[in-house]
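Each chain, letter by letter, is given below.
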Amino acid sequence: MRGAAFDLTPGGILLLAVLYFLGDVQIFAALLFSAAIHEWGHGAALKLCGCRVTRVRLDGTGLCMDYRGPRLSRPKAFFVAAAGPAAGALGAWVTSFWGNWFGSPFLLLCAGTGLILTVFNLLPARPLDGWRMLTALCPPLAEPVSFAAALTVMTAGLWCAARGTGIGLAVIGAILLWQGSGEDARLPRRKYVA
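Criteria and thresholds
- Residues numbered from 1 in each chain as written.
- Predicted model: local features only at pLDDT ≥ 70, side-chain atom pairs only at ≥ 80, totals over all residues.
- Heavy atoms only, no water.
- Helix = DSSP H or I, 4+ residues; strand = E, 2+ residues; numbered from the N terminus.
- Contact = heavy atoms within 4.5 Å.
- Patch = residues over 30% accessible without salt bridge, like charges linked within 9 Å, V, L, I, M, F, W, Y side chains within 5 Å.
- Areas by Shrake-Rupley, 256 points an atom, 1.4 Å probe, with all protein chains shown as cover.
- Salt bridge = Lys/Arg side-chain N within 4 Å of Asp/Glu carboxyl O.
- Buried < 20%, exposed > 50% of the residue type's maximum accessible area, 1.4 Å probe, protein only.
- Polar contact = N/O pair within 3.5 Å; in protein donor to acceptor, adjacent residues only side chain to side chain.
- Phe/Tyr/Trp six-rings, centres within 6.5 Å; stacked < 30°, edge-to-face > 60°.
- pLDDT = per-residue confidence, 0-100.

## Considering the environment of Ser 34
Point 1. In this structure, Ser 34 sits in helix α2 (residues 25-48).
Point 2. Residues Ser 34 and Leu 15, spaced 19 residues apart in sequence, show a C-alpha to C-alpha distance of 16 Å.
Point 3. Apart from the residues within four sequence positions on either side, Ser 34 is in contact with Cys 110, Thr 113, Gly 114 and Leu 117.

## A short note on a nonpolar patch on the surface
Point 1. Residues Leu 90, Trp 93, Val 94, Phe 97, Trp 98, Trp 101 and Phe 102 make up a contiguous nonpolar surface patch of about 840 Å² in total accessible area.
Point 2. You can see Val 94 is positioned in helix α3 (residues 74-102).

## Quick notes on the side chain of Ser 34
Point 1. With a relative accessible area of 4%, Ser 34 lands in the buried category.
Point 2. For Ser 34, the side chain forms a polar contact with the side chain of Thr 113, separated by 2.8 Å.

## Concerning unusual backbone geometry
Point 1. The peptide bond linking Arg 126 to Pro 127 adopts the cis configuration, its omega dihedral lying at 10°.
Point 2. Structurally, Pro 127 is set in the loop between α4 (105-121) and α5 (129-137).

## A closer look at the packing of aromatic side chains
Point 1. Here the structure, examined in full by the defined rule, presents five aromatic pairs.
Point 2. Centroid distance Trp 93 to Phe 97: 6.1 Å. Interplanar angle 20°. Geometry classified as stacked. Taken as a pair, Trp 93 and Phe 97 lie in helix α3 at a separation of four residues, close to a single helical turn.
Point 3. On the accessibility criterion, Phe 97 (39% relative accessible area) is partly exposed.
Point 4. Between Trp 98 and Trp 101, the aromatic rings sit 6.3 Å apart at their centres with planes inclined by 75°, giving edge-to-face as the arrangement. Highlighted residues: Trp 98 and Trp 101, both in helix α3, separated by three residues, approximately one helical turn.
Point 5. With a relative accessible area of 37%, Trp 98 lands in the partly exposed category.
Point 6. In textbook terms, an aromatic cluster arises when at least three aromatic residues are bridged by ring pairs, as seen for Trp 93, Phe 97, Trp 98, Trp 101 and Phe 102.

## Some thoughts on the confidence of the model for the protein chain
Point 1. Of the residues in the protein chain, 92% have a pLDDT of 70 or more, and the chain-wide mean is 86.
Point 2. The lowest-confidence element of the protein chain is strand β4 (residues 190-193), averaging 46 in pLDDT; the highest-confidence one is α3, averaging 96.
Point 3. With pLDDT under 50 throughout, residues 184-190 is counted as low confidence; its partners more than four residues away or in other chains account for 24 contacts.

## Considerations on the side chain of His 38
Point 1. With respect to the helices, strands and loops of the structure, His 38 is situated in helix α2.
Point 2. Side-chain polar atoms of His 38 contact the side chain of His 42, separated by 3.0 Å.
Point 3. A distance of 3.3 Å separates the side chain of His 38 from the backbone oxygen of Gly 84, its partner in a polar contact.

Pasting the structure below:
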């Protein structure tokens, strides 16, 4: 991703502020570290597919990567979508190993945030990586499964909120439902990652 332009939109600043104020500095730093590993996986996969990342933008919905190069076939689109969670899972394992080896709470926190980010991105809800992998494998199933996954997350979040554990999961489900209503199911040239 060397040479790619980076844009930080007002929505991206708001997203960073929310993440910062909902946690503390260490959680914020661990989340940024885990997201960087995840995005590096996508960028490396795009490079292996003959593409070049031209712009990385942080907006209110997450990180977006624009790239140039050949149109990705379905197997390559699956590979690029899966590369982020794969890199995140490997990064979580490595930071867990070194965190236990050195007794570093921060590295263990990075491992935990990396694992959470990986599992979350595997949900088959648009615009997450799980939805992109499902779109590459079976496009007709992508839209109904995306709606069902987002609705399930929101319902689980409302159930948790009713039990007094906060509304965060319900908000994430609502955002996924909102995100799912705006794009078409074609394989995109712009990749959005939550």
